[in-house]
Amino acid sequence: MMEWAPQAGALYERMHQQYVGGARKLEALINELIGEEEGINYLSATARAKDPESFLAKASKPHPDDPTRPKYDDPLNQITDLVAARVITFLVEAVDRVCEVIEKEFEIVEHTDMGAHTRAQGVFGYASKHYLVRLNEHRRELPEYAVLKNLVMEIQVRTAVQHAWAEFEHDIRYKLDIPPDRKPEFDRRFLLAAALMELVDNEFTEIDRLYRELAASAEDKAPLDLTTATLTTYLTRRYPDAPHAKTTHYTWILGILHRVGVTTEEQLTELLRGIDSAAVQAAMTHRAPAGTVRRLDDDLLAAKGAAYLDLFPDEERRQKILRGRLKALARAGLVQP
């Protein structure tokens, strides 16, 4: 190990808890942006600070062109995954929606589409999307993000299927010394698994499409009490092109409906009668299609107007978001200013 590496490692170890705090902030921010604000259906969004031992190992790497020189002259500023996040979704379309949020809400330093790279080579393989990002200018000035102010961070976005393949492949390839004569066998099997991974993601997408098609064409039945299950089907029928939301979001919006006295599909249909949902969405100017729960939230705001804000007297942040949306609806002439 070169003499400079332990010094960098010791410095990082002293600062490690700051990066742990920064990872918590990044994780909360991503969950807020893709979950609370956009209503995207995703499995998890987590962030971590690089372990001091991992940092030391990376900081100790020699330069590939000159083994007498370090790869990193300034490891604390050149290593870009000191704080890193990973978002895992169920469907490929949700990956795209998460990426649109990241590109809107962060400064993009670098973007690598691993799937596009493997497709360009005519093979199957890792299909994650990787970003190096900084906080946007507005958040850099907020005291709550001080620890992240000047930091370049990594965000990876992939489906659950892609995640399983990547984690397993990494464990085998990087933790096992595979003999050269056995390597082709492992390569072939990983390639086959990667092809199946792409097939599974495609089939999940097709199953989701078929479900929407079936829900949208279902005949009207007798008025049903609203539950999480019946509301999910109702919203899929009402917004056939909108992506699904997380199960917890359906429970959340069901609670809001109960606050306004809506407990059946018939009552909800009556409340939303006359609401031009397409016009509401056009007024919101979303970069990506809003999910079913977000669509209903916007339509309820259009139906109730300023009175909708009264349902959240102690939720300052939500009040602020709703006021911004209400102004957009007023500018479009959909509610009274």
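Keep in mind that what you see is a predicted model, and the values were worked out from it rather than measured.

A. Examining the overall build of the protein more closely. Counting secondary structure elements, the protein contains 14 helices and seven strands. With respect to the three principal axes, the spread of C-alpha positions in the protein is 75 × 50 × 30 Å. Counting over 337 residues, the protein shows a buried share of 44%. If you take every contact in the protein between residues at least 6 apart in sequence, the share linking residues at least 24 apart comes to 70%. Within the structure as shown, the protein displays about 18400 Å² of accessible surface, and the carbon and sulfur contribution to it stands at 53%. In the protein, the 44 positive side-chain charges and the 54 negative ones have mean positions that sit 2 Å from each other.

B. Fine view of the pairing of strand S7 (residues 153-159). Most of S7 is tucked away: seven of the seven residues are buried. As paired elements, strand S4 (residues 83-89) and S7 share six bridges and run parallel to each other. Counterpart to Ala84 in the pairing with S7 is Glu154. Across five bridges, the pairing between strand S6 (residues 129-135) and S7 is antiparallel. Paired with Val133 across the two strands is Met153, which belongs to S7.

C. Broad picture of a nonpolar patch on the surface. A cluster of nonpolar residues, Leu192, Leu196 and Leu199, forms a patch on the protein surface that exposes about 290 Å² of accessible area. With respect to the secondary-structure elements, Leu196 resides in helix H8 (residues 183-217). By relative accessible area, Leu196 is classed as partly exposed at 47%.

D. Focus on helix H12 (residues 277-284). Regarding H12, the residues found buried are Ser277, Val280, Gln281, Ala283 and Met284. Looking straight down H12, one finds that the buried residues subtend no more than 155° of arc, so they occupy a single side. In H12, the exposed positions angled more than 90 degrees off the buried face are occupied by Ala278 and Ala282. Where H12 ends, the next residue or the one after it, Thr285, has phi of about 50°, a positive value.

E. How the structure looks around the environment of Ala84. Its location among the elements puts Ala84 in strand S4. A relative accessible area of 8% means that Ala84 is categorised as buried. Distance in space between the C-alpha atoms of Ala84 and Thr46 is 8.5 Å, their sequence separation being 38 residues. Residue contacts for Ala84: discarding those within four places in its chain leaves Thr46, Ala47, Arg48 and Glu154.

Thresholds, definitions, all that
Residues numbered from 1 in each chain as written. Predicted model: local features only at pLDDT ≥ 70, side-chain atom pairs only at ≥ 80, totals over all residues. Heavy atoms only, no water. Helix = DSSP H or I, 4+ residues; strand = E, 2+ residues; numbered from the N terminus. Buried < 20%, exposed > 50% of the residue type's maximum accessible area, 1.4 Å probe, protein only. Contact = heavy atoms within 4.5 Å. Areas by Shrake-Rupley, 256 points an atom, 1.4 Å probe, with all protein chains shown as cover. Lys, Arg positive; Asp, Glu negative; His and termini not counted. Charge placed at Lys NZ, Arg CZ, Asp CG, Glu CD. Pairing = 2+ DSSP bridges. Patch = residues over 30% accessible without salt bridge, like charges linked within 9 Å, V, L, I, M, F, W, Y side chains within 5 Å. Salt bridge = Lys/Arg side-chain N within 4 Å of Asp/Glu carboxyl O. Arc of directions from axis to C-beta.

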